Amino acid sequence: MSGREAGKSRLLEGRAALVTGAAKRIGRTLALALAGEGARVAVHHHRSAEEAEETARLAGNGARTFRADLSSVAEAEGLAEDVHRAFGRIDVVIHNAALFGRTPFGETTERDWDRFHAVNLKAPFFLSQAAAARMGEGSILFIADVCALDPWPGYLAYGATKAGLIHLTRGLARALAPRIRVNAILPGPILPSEPEGAESLDEAVARTLLKRRGDPSDIASAALFLTAEACYVTGAVLPVDGGRHLGSR
């Protein structure tokens, strides 16, 4: 029960939570953490059906998988409808799914720009809009990135989308108050990025103040705090990055 004392009620008992990109990596850790606190979890995926089924199996508690191509607004909106129909409610939405990759200035194409924005920024907006219309009191959480505060020249399209999520966090916190709280997490170096490999992670770790990589459980702990415990927190942007946003000493 996520480390809680025996006999205590779980934080999300009876709630329904949607986690996008929940088939593997940090998304899986988030889904399992929410399930461990009693939530029925909607495990979203695009092409990772087997991994998503494994996440749902590990989560238990009535977890189900949902496929959607988030580059399509219609499918993003349909995802909210499908989850609400399946569970009868939506209480928590965690926007974790994202595209990541290099787009150096001078080499970035319009297609590159549109592809990153479609999944990383447009989809979270329209999915939030569709989910909020079906939520009572609840919580929306964006998984952004520390590069939203400290731009990386080789990843400008990706970084611009993550900076946009900070704006959405603050804007939606105002638009949806007092019914729905909206917050964001800015992860630092946690896992090697799939296209870049461990060397770039080592370089990122060297620029943190704590001089060590984080763990997916660090993101999950922050997510549980913001979605389930921090009832007087909205519009917050929380770096979970070992101090990387402050720069190395």
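Now for a quick tour of the structure.

Reading the values: rules and limits
- Residues numbered from 1 in each chain as written.
- Predicted model: local features only at pLDDT ≥ 70, side-chain atom pairs only at ≥ 80, totals over all residues.
- Heavy atoms only, no water.
- 1 Å grid on protein atoms, 1.4 Å probe; cavity = no way out; pocket = protein on both sides within 12 Å on 5 of 7 lines; lining within 4 Å.
- Points joined across faces, edges and corners; volume = space filled by probe spheres on them.
- Helix = DSSP H or I, 4+ residues; strand = E, 2+ residues; numbered from the N terminus.
- Core = buried A, V, L, I, M, F, W, Y, C linked by side-chain atoms within 4.5 Å.
- Buried < 20%, exposed > 50% of the residue type's maximum accessible area, 1.4 Å probe, protein only.
- Contact = heavy atoms within 4.5 Å.
- Polar contact = N/O pair within 3.5 Å; in protein donor to acceptor, adjacent residues only side chain to side chain.
- Salt bridge = Lys/Arg side-chain N within 4 Å of Asp/Glu carboxyl O.
- Pairing = 2+ DSSP bridges.
- Axes fitted to C-alpha atoms, helices over the stretch in contact; angles between N-to-C directions.

Looking now at empty space enclosed by the protein. The tally for this structure, following the rule as stated, stands at one cavity of 30 Å³ or more. Sort the elements by how many residues they give to the lining of the largest cavity and helix α4 (residues 110–132) lands first, with four residues.

Moving on to the layout of surface pockets. Within this model, the second largest pocket holds a volume of roughly 260 Å³. Every residue lining the second largest pocket is counted, 14 residues in all, and those nearest its centre are R15, E137, G138, R181 and C231. Going through the elements one at a time, β4 (90–95), β5 (135–143) and α7 (216–229) are the ones with two or more residues in the lining of the second largest pocket.

This brings us to the nonpolar core. One recurring pattern in soluble globular proteins is that nonpolar side chains are buried together. Residues L79, V83, I140, F142 and V182 are the most contacted members of the largest nonpolar core, which totals 35 residues. The set of elements that each furnish at least two residues to this core consists of β1 (16–19), α3 (73–87), β4, α4, β5, α5 (156–176) and β6 (180–187). Residues in contact with V83, not counting those within four places in the same chain, are L18, A42, F66, G88, R89 and I90. If you look at the next biggest cluster of nonpolar residues, it comprises 32 residues, including I26, A35, A56 and L141.

Turning to its location among the elements, T169 is positioned in helix α5. At a separation of 2.8 Å, a polar atom in the side chain of T169 contacts the main-chain carbonyl oxygen of L165. Among residues more than four places away in sequence, those in contact with T169 are F142, V182, N183, A184, G235, A236 and V237.

Further remarks concern the environment of R207. Tracing the backbone through its elements, the reader meets R207 in the loop between α6 (198–206) and α7. Assessed through its relative accessible area of 40%, R207 is described here as partly exposed. Here the alpha-carbon distance between R207 and L238, two residues 31 residues apart in the chain, equals 18 Å.

Now for the pattern of salt bridges. Across all of its chains, the model carries seven salt bridges by this definition. Across the pair E75 and R67 runs a salt bridge, and its minimum N-O distance is 3.6 Å. Close ionic contact of E81 with R85 constitutes a salt bridge, the shortest N to O distance being 2.8 Å. Separated by four residues within a single helix, E81 and R85 lie in helix α3, roughly one turn from each other. Since its relative accessible area comes to 56%, R85 is described here as exposed.

Turning our eyes to something else, we now look at the sheet that holds strand β3 (residues 64–67). Taken together, the seven strands give an open sheet; going across it, the order is β3-β2-β1-β4-β5-β6-β7, and neighbouring strands pair in parallel fashion. The open sheet has two free edges, formed respectively by β3 and β7 (237–240), since each of these has just one partner strand. Averaged over all neighbouring strand pairs, the angle between strand axes comes to 20°, with direction disregarded. In this structure, β4 lies alongside β5, joined through five bridges in parallel fashion. Paired with V93 across the two strands is I140, which belongs to β5.

Limitation: the analysis is restricted to geometry and does not speak to function.
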